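# A look at the structure
Chain by chain, the residues:
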Amino acid sequence: MDHQLINELEAIGGEIRASSFKGCDEILIEQPGFSARIALWGGHLSSFMPNGEPDILFQSSHDGSDTRFSRKHFGVPVCWPWFGANVQQPDLPAHGLARYFRWELEEVGRFKNGDIKVVIKLESEKHPLIEDMWPQAFELKQVFRLGDGFQVKFSAANLSNEPIQVSEALHTYFRVGDSALAVIKGLDKTEYEDKFAGGRHRQTGTISPCVYLDRVYLDAEPMTYLEDPVLGRRISIETEGTACVVVWNPGEELAKERNDMNDEDYQSFVCVESANALENAHTVGPREIYHFKMKIKSERLK
Ligand SMILES: O=P(O)(O)OC[C@H]1O[C@@H](O)[C@H](O)[C@@H](O)[C@@H]1O
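Conventions we followed
Per chain, the residues get numbers from 1 upward, laid out in the order the sequence is written. Only residues with pLDDT of at least 70 are given local features in this predicted model, and only at 80 or more are side-chain atom pairs given and counted; all residues enter the totals for whole chains, interfaces and linings. UniProt positions are given in the numbering used here, feature names are shortened, and annotations may be inferred rather than shown by experiment. Each residue receives a C-beta atom built from its backbone; the residue is near a molecule or strand if that atom lies within 6 Å of it. When residues are grouped by polarity, Ala, Val, Leu, Ile, Met, Phe, Trp, Tyr, Cys and Pro land in nonpolar, Asp, Glu, Lys and Arg in charged, and all others, Gly among them, in polar. Note on terminology: a nonpolar core is a set of buried residues of type Ala, Val, Leu, Ile, Met, Phe, Trp, Tyr or Cys, with members joined through C-beta atoms within 7 Å. Comment: burial labels come from other C-beta atoms within 10 Å of the residue's own C-beta, placed from the backbone, where a count of 20 or more is buried, 12 or fewer is exposed, and between is partly exposed. Contact criterion: two residues are in contact if their C-beta atoms, reconstructed from the backbone, are within 7 Å. Counting from the N terminus, the helices are DSSP H or I runs at least four residues long and the strands are E runs at least two residues long.

Identification of the protein as Putative glucose-6-phosphate 1-epimerase from Marinomonas phaeophyticola is taken from an unreviewed UniProt entry. The Catalytic activity (unreviewed entry) field of the UniProt record for the protein holds the comment "alpha-D-glucose 6-phosphate = beta-D-glucose 6-phosphate". Turning to the protein, the UniProt record has this under Sequence similarities (unreviewed entry): "Belongs to the glucose-6-phosphate 1-epimerase family."

## Some details on the site of the ligand
Around the ligand lies a shell formed by Arg 71, His 73, Ala 94, His 95, His 171, Lys 195, Asp 214, Val 246, Trp 248 and Glu 273. In terms of residue class, the shell around the ligand is made up of three nonpolar, three polar and four charged.

## Considering the nonpolar core
Residues Phe 174, Cys 244, Val 246, Val 247, Val 270 and Val 272 are the most contacted members of the largest nonpolar core, which totals 75 residues. In contact with Val 272, not counting residues within four places along its chain, are Thr 172, Phe 174, Ile 184, Thr 224, Leu 226, Ile 237, Val 245 and Val 247.

## Comments concerning unusual backbone geometry
For the bond running from Trp 80 to Pro 81, omega is 5°, close enough to zero to count as cis. With respect to the helices and strands, the residue Pro 81 is situated in the loop between strand 5 (78–79) and strand 6 (104–110). The omega torsion across Ser 208 and Pro 209 is -5°, close enough to zero to call that bond cis. With respect to the element layout, Pro 209 can be found in the loop between strand 15 (200–202) and strand 16 (213–217). Of note in this structure, Tyr 212 is not a glycine but carries a positive phi near 50°.

As structure tokens, this is what we get:
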């Protein structure tokens, strides 16, 4: 890792530890108001802990199975350039390739208001295996803004001379005290595809319990809220540039069937994902770049 970056990281209260998931470097940031961790494996913001509060993000203690495309359930994985199964090539892993490669640290510093800025990138041409999975060259970036809450700005550049069809998500695993008591607000009257029950439905009111759910809400409003009466907080999820909200929790039976999470993990997280999926997938022209953002804040539940 570049020395200048290491110095800049130290100057903002950060350090690099070569001990994270899959033996890749992890960036640790300690600030008066919060601490945060970014795993370069998969390009995950893996932890964001405001002072005096439990982590906003969930991390399973299960390491996932031991294959190239095994997954550990934690933080904010990026699903790109496809969300869900790859219909054309079903042997490829679900949710794209971005979370299976090592990202690079590109920049550290501060925004004008003092918030911490960390930029990481994934360049397809540096990873020969990517070309086998997705032949069009690309560059992805995530700009993390860490302060009073956090923000992830994701951008993707299509470096090829062909248009590409993309679906995507910031697949955020929110930590909750008890998923059975958590409540999601902000999706009332929004149409959704129910991946468990099948078919299209329309939401009425709030979502609770947040257990055994796999739904893609289409053309959702930009603000969604996750209320957690056990941890006594309300998390707001504000998005720009994504049209879908995906709500996922495997429930007891599916969690037990999986070999990449602990049986009881489903009680401690709810995924509320900012996505462009199903008919909200989109085309990125040759040499085109686009971005989307997700902003997270936590406040005490009144
Ligand atoms: O790949 P992960 O992190 O285990 O997440 C899986 C889940 O991710 C959700 O986004 C999908 O809607 C679910 O269908 C899927 O099972």
